[in-house]
Amino acid sequence: MSYDGEYQGYSVRELLDMLADCQGVDRADNRIEFCGWGDYVGSVLDRANYESLLETFGNDGFYINAGYHEYHALQLVTDQREPMFPDLYGGIEEDETIRERLVSLVQIFSRLESDYPLISDEKHSEVLDTLAEEYWDDCLWREIPDDLHDMFPDDIQPGEEWAQLRRLRNAYPPGLRGHDDVFRDSYFGYEGNEWVAETATNVVNKKHHEAVAHAAYRVFNLGHCDCYVCQEGTS
Ligand SMILES: [Zn+2]
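Residues numbered from 1 in each chain as written. Predicted model: local features only at pLDDT ≥ 70, side-chain atom pairs only at ≥ 80, totals over all residues.

### Focus: the overall build of the protein chain
For step 1, the next point in the chain: Across its full length, the protein chain holds eight helices and four strands.
For step 2, the next point in the chain: Moving toward the C terminus, one meets the helices and strands of the protein chain in the order α-α-β-β-α-α-α-α-β-β-α-α.
For step 3, the next point in the chain: The proportion of buried residues among the 235 residues of the protein chain is 27%.
For step 4, the next point in the chain: Sequence separation of 24 or more characterises 60% of the internal contacts of the protein chain that already satisfy a separation of 6 or more. (Helix = DSSP H or I, 4+ residues; strand = E, 2+ residues; numbered from the N terminus. Buried ≥ 20, exposed ≤ 12 C-beta atoms within 10 Å, placed from the backbone. Contact = placed C-beta atoms within 7 Å.)

### Some details on the packing of helix α4 (residues 121-151) against helix α7 (residues 208-219)
For step 1, the next point in the chain: Contact geometry for α4 and α7: axes closest at 10 Å, N-to-C directions at 80°. Our classification of the angle between α4 and α7 gives roughly perpendicular. When α4 is examined against α7, the residues Ile 144, Asp 147, Leu 148 and Met 151 are found in contact with a partner set consisting of His 209, Val 212, Ala 213 and Ala 216.
For step 2, the next point in the chain: Among the residues forming the contact of α4 with α7, the class breakdown is six nonpolar, one polar and one charged. (Axes fitted to C-alpha atoms, helices over the stretch in contact; angles between N-to-C directions. Parallel < 35°, antiparallel > 145°, perpendicular 65-115°, else oblique. Nonpolar A, V, L, I, M, F, W, Y, C, P; charged D, E, K, R; others polar.)

### Quick look at the environment of Asp 147
For step 1, the next point in the chain: Relative to the elements of secondary structure, Asp 147 occurs in helix α4.
For step 2, the next point in the chain: Each C-alpha atom of the pair Asp 147 and Val 212 lies 7.6 Å from the other, and the pair is 65 residues apart in sequence.
For step 3, the next point in the chain: Dropping the residues within four chain positions of it, Asp 147 is found in contact with His 209 and Val 212.

### Concerning the nonpolar core
For step 1, the next point in the chain: With 31 residues, the main nonpolar core has Leu 19, Cys 35, Leu 102 and Val 106 as its most contacted residues.
For step 2, the next point in the chain: Going through the elements one at a time, α1 (12-21), α2 (44-57), β2 (72-76), α3 (96-114) and α4 are the ones with two or more residues in this core.
For step 3, the next point in the chain: The greatest single-element share of this core, amounting to seven residues, is contributed by α3.
For step 4, the next point in the chain: Counting contributing residues, this core receives three or more from each of domain 1 (5-119) and domain 2 (122-234).
For step 5, the next point in the chain: Formed by 11 residues, the second largest nonpolar core is a distinct cluster that contains Leu 165, Val 212, Ala 215 and Ala 216. (Core = buried A, V, L, I, M, F, W, Y, C linked by C-beta atoms within 7 Å. Domains from an automatic or database assignment.)

### Observations concerning the pairing of strand β3 (residues 195-199)
Taken residue by residue, a regular strand's side chains alternate between the two faces of the sheet.
For step 1, the next point in the chain: Bridge analysis of β3 against strand β4 (residues 202-205) gives four bridges, and the strand direction is antiparallel. What sits directly across from Thr 199, in β4, is Asn 202.
For step 2, the next point in the chain: Counting the residues in the hairpin turn of β3 and β4 gives two residues. (Pairing = 2+ DSSP bridges.)

### Quick notes on unusual backbone geometry
For step 1, the next point in the chain: Even without being glycine, Phe 34 reaches a positive phi, approximately 65°.
For step 2, the next point in the chain: On the secondary structure map, Phe 34 appears in the loop between α1 and α2.
For step 3, the next point in the chain: Residue classification places Phe 34 among the buried positions, given that 24 C-beta atoms sit within 10 Å.

### A short note on α1
Note on helix geometry: an α-helix contains 3.6 residues per turn, so any two residues three or four positions apart are oriented the same way.
For step 1, the next point in the chain: All of the buried residues in α1 are Leu 15, Leu 16 and Leu 19. Mapping the buried residues of α1 onto a view down its axis gives an arc of 100°, with all of them on the same face. Away from its buried face, by an angle of more than 90 degrees, α1 presents the exposed residues Glu 14, Asp 17 and Asp 21. (Arc of directions from axis to C-beta.)

### Re α7
For step 1, the next point in the chain: For α7, which comprises 12 residues, the first-to-last C-alpha distance of 16 Å matches the rise-based estimate of 16 Å (1.5 Å per residue) to within 8%.
For step 2, the next point in the chain: Directly after α7, the chain includes Asn 221, whose backbone phi takes a positive value near 50°. (Expected span 1.5 Å × (residues − 1).)

### Some details on the confidence of the model for the protein chain
For step 1, the next point in the chain: When pLDDT is averaged across the protein chain, the result is 78; 77% of the residues are at 70 or more.
For step 2, the next point in the chain: Model confidence for the protein chain, summarised as mean pLDDT per element, is weakest for strand β1 (residues 62-66) at 69 and strongest for β4 at 96.
For step 3, the next point in the chain: Contacts of residues 80-89 to residues separated by more than four positions or lying in other chains number four contacts, the stretch itself having pLDDT below 50. (pLDDT = per-residue confidence, 0-100.)

### Describing the environment of Ala 197
For step 1, the next point in the chain: Positionally, Ala 197 belongs in strand β3.
For step 2, the next point in the chain: Given 19 C-beta atoms within 10 Å, Ala 197 falls into the partly exposed group.
For step 3, the next point in the chain: The spacing of Ala 197 and Val 44 is 153 residues in sequence and 6.3 Å in space, taken between C-alpha atoms.
For step 4, the next point in the chain: Among all residues touching Ala 197, those that are not within four sequence positions of it are Ser 43, Val 44, Leu 128, Leu 131, Asn 202 and Val 203.

Here is the structure:
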């Protein structure tokens with residue numbers, strides 16, 4: 001965490017007031033903008049920002065709101081009379097750690113006002129990866145047998161692709177299943193994948209069918225894969 005000398009002279013109280021004045025904080029309830037997300041609200045950018053702030057600062061100085069439909073938000077605690085954290089601001093005027101955190105927050109929020117609202121690209125990819133893997137493990141893998149049958153009606157016989165997938169999944173100890181799944185690895189290893197977040201809790205792979213075909217060629221030994229990644233690799 002960088003500590004900018006620019007804010008050297010500011011007290012904790014002054015920094016809190018600066019934060020409350022940032023566009024990044026909703027004046028009505030001190031809710032932090034750009035980081036509220038849930039099933040029906042916010043985007044994957046908001047979710048990534050939420051994770052970034054929690055990772056950097058822990059819970060100190062924040063409320064976490066969690067409500068219906070997985071709603072998450074962060075609320076800045078700027079009121080010393082705040083009943084839920086009676087001790088949080090007791091004596092913090094002298095607390096250098098809190099001061100440094102507040103300076104970092106001011107820096108983040110000033111950047112968000114002038115830049116596009118994403119704190120960390122790395123965190124954004126991390127959240128996308130996690131969503132993609134959850135999507136596969138929760139439901140996507142179940143659709144693969146039907147996809148395979150549609151795409152390879154002559155090469156993989158009806159019923160056979162399901163049995164083959166089951167065999168692959170069952171070839172590993174249950175604790176590892178979902179991590180060492182051969183077809184899953186080939187699918188995720190497809191370099192043409194385009195995971196796009198539709199909401200903060202939902203992603204789709206725009207190149208799903210290409211990825212299934214690519215994985216099928218490899219896993220079921222169907223010959224030479226004709227996807228663009230494999231073609232480029234051989235030309
Ligand atoms: Zn391929």
